[in-house]
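One-letter residues, chain by chain:
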Amino acid sequence: MVEGSASTATEPPPPRPAGPRGGGADPERRHRSRAGTAGSALVGAAVVAVLAGPWLERHFGLPAFGAWRTLLVAIVMQGVPFLVLGTIVSAAIGAFVPDRVFSRILPRNPVLAVPVAGAAGVVLPGCECASVPVAGSLMRRGVAPAAALTFLLAAPAVNPVVLVATAIAFPGKPEMVAARFGASLVTSVVMGWLWIRWGREEWLRLPTGPGHVRHALGVGRTEAFRRGLQHDFLQAGGFLVVGAMAAATFNVLVSPSVLEAFSGSPWLGVLVAAALAVLLSVCSEADAFVASSFTGFSPTARLAFMVVGPMVDMKLIALQSGAFGRAFAVRFCAGTFVVAVLCSVLVGSVLL
């Protein structure tokens, strides 16, 4: 009794919950603040690099920097409109869509929810930059991670805009459109099922951003939408810049003659085309036109380029790292790359 009394007497009082402006520890708010600051810094660095490009070229004789700057701007400008679309949808889901909507649409069984989520990607025209914040918002609203990740992969790969662009890039070859649709949808569904079987919660840093800010702080729907949009855009925009910088650097440093040495081999050609999709980071609405220009590669290799690109590229790796953590991005992107290549080879051998 004495020991219990002493222990009770010396026990510190429980910490008070921090209010909206409280100085107490609020890990979620500190994380959002750091993410927004880092994103703003990365976007600012890219703007400075672009604006200072002509001065650097004149004073230091760096012609390659001009090409790098042009590619950086092109990749970012390709992704920003769809990133804005994705963050708007993400913020709208967090602020306006009740949780019960998702419970009605998706089956309770995650195994069945995965193909439904893959089919849902058909109806949303968007780029891979848009799918990451939307998938994060879906997880915040209680959607099973496997279903949200399936949607993340399917939405930029099988939507009507991408399929029409593929038909235009490969005129008179409907089999290429069918092969892209089939391989992409199968890849996204297989990855969702693989996550159910082998995925671990500790790999995935579930997004806990401002999706629940309206419930946590009692703010209105409009204010919750504004805060969610600001958070998601600043965070995702910074990682988009990182991926664009990496892709532009590769384009400048690697000579096209290096790629031509591998295009003649069927197996090496597929692997090189898939690796190019990761490194070039072309928007999913435009990658079919790039693939059609790879005349030295086999049809299956060009299919692999179009299947891998919307699911695994430099900007997507960066975006997923920022949204779900590096431990998740490394494992999920590596697995997606392998599954996408295998599905491309299997579907290509049947349809192409």
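Description of the structure in this document. (Residues numbered from 1 in each chain as written. Predicted model: local features only at pLDDT ≥ 70, side-chain atom pairs only at ≥ 80, totals over all residues. Heavy atoms only, no water.)

Quick look at helix α8 (residues 160-169) now. Burial in α8 covers these residues: V162, L163, A165, T166 and A169. The buried residues of α8 all sit within an arc of 160 degrees when viewed along its axis, so they share a single face. Between a side-chain oxygen at the N-terminus of α8 and the backbone nitrogen of V162 the separation is 3.1 Å; the capping residue is N159. (Buried < 20%, exposed > 50% of the residue type's maximum accessible area, 1.4 Å probe, protein only. Helix = DSSP H or I, 4+ residues; strand = E, 2+ residues; numbered from the N terminus. Arc of directions from axis to C-beta. Polar contact = N/O pair within 3.5 Å; in protein donor to acceptor, adjacent residues only side chain to side chain.)

Along the chain, A318 turns up in helix α16 (residues 314-324). In this structure, the C-alpha to C-alpha distance between A318 and V241, residues 77 residues apart in sequence, is 8.8 Å.

Attention now goes to helix α5 (residues 110-120). Of the positions making up α5, those classed as buried are A113, V114, A117 and G118. Projected down its long axis, α5 shows its buried positions confined to an angular sector of 140 degrees, all on one face. Against the buried residues of α5 lie α7 (145-158) and α9 (174-198). The residue sitting at the N-terminus of α5 and contributing the capping side-chain oxygen is N109; that oxygen lies 3.0 Å from the backbone nitrogen of V111. (Contact = heavy atoms within 4.5 Å.)

Applying the stated criterion across every chain, the model contains three salt bridges. The partner of R226 in a salt bridge is E223, and the shortest N-O contact between them spans 2.7 Å. One end of the pair, R226, and the other, E223, are both in helix α11 (residues 221-253), three residues apart, so they sit about a helical turn from each other. Residue D313 pairs with K315 through a salt bridge whose shortest N-O separation is 3.0 Å. (Salt bridge = Lys/Arg side-chain N within 4 Å of Asp/Glu carboxyl O.)

Residues L276, F305, V308 and F324 are the most contacted members of the largest nonpolar core, which totals 67 residues. Sort the elements by how many residues they give to this core and α7 lands first, with 11 residues. Judged by nonpolar contacts, the second largest core, of seven residues, contains W68, L72, V76 and A244. (Core = buried A, V, L, I, M, F, W, Y, C linked by side-chain atoms within 4.5 Å.)

Take a nonpolar patch on the surface next. The grouping of V258, F262, L268 and L271 at the surface amounts to a nonpolar patch, some 320 Å² of accessible area in total. The topology assignment puts L271 in helix α13 (residues 266-280). Classification of L271 as partly exposed rests on a relative accessible area of 44%. (Patch = residues over 30% accessible without salt bridge, like charges linked within 9 Å, V, L, I, M, F, W, Y side chains within 5 Å. Areas by Shrake-Rupley, 256 points an atom, 1.4 Å probe, with all protein chains shown as cover.)

Moving on, we get to the packing of α8 against α9. Contact geometry of α8 with α9 gives a least axis separation of 9 Å together with a crossing angle of 150 degrees. Overall, the two elements α8 and α9 adopt an arrangement that is roughly antiparallel. Note that α8 runs across α9; the crossing there is right-handed. Along its contact with α8, which presents V162, L163, T166 and A167, the element α9 presents M176, V177, R180 and F181. Classifying every residue of the contact of α8 with α9 by side-chain character gives six nonpolar, one polar and one charged. (Axes fitted to C-alpha atoms, helices over the stretch in contact; angles between N-to-C directions. Parallel < 35°, antiparallel > 145°, perpendicular 65-115°, else oblique. Left-handed = near helix turned anticlockwise from the far one by under 90°. Nonpolar A, V, L, I, M, F, W, Y, C, P; charged D, E, K, R; others polar.)

Moving on to the side chain of D287. Secondary-structure assignment places D287 in helix α14 (residues 287-292). A residue is classified by how much of its surface remains accessible, and D287, at 1% relative accessible area, is buried. Among the polar contacts listed, one links the side chain of D287 to the side chain of R180, at a separation of 3.0 Å. Those residues in contact with D287 that lie beyond four places of it in its chain are R180, V282, F305, M306 and P310.

The next subject is the packing of aromatic side chains. All told, the structure shown has four aromatic pairs when counted by the stated rule. Note on W195 and F328: the rings are 5.6 Å apart at their centroids and 75 degrees apart in plane angle, and the pair reads as edge-to-face. Residue W195 is located in helix α9, and its partner F328 is located in helix α17 (residues 326-351); the two are separated by 133 residues in the primary sequence. Residue F328 is classed as buried on the basis of its relative accessible area, which comes to 1%. (Phe/Tyr/Trp six-rings, centres within 6.5 Å; stacked < 30°, edge-to-face > 60°.)

We now examine the side chain of R302. Note that R302 resides in helix α15 (residues 299-308). For the buried R302, no salt bridge is present, and the opposite-charge side chain at shortest range is E175, 9.4 Å distant. Excluding its chain neighbours within four sequence positions, the residues that come into contact with R302 are F170, A291, S292, F294 and F297. (Lys, Arg positive; Asp, Glu negative; His and termini not counted.)

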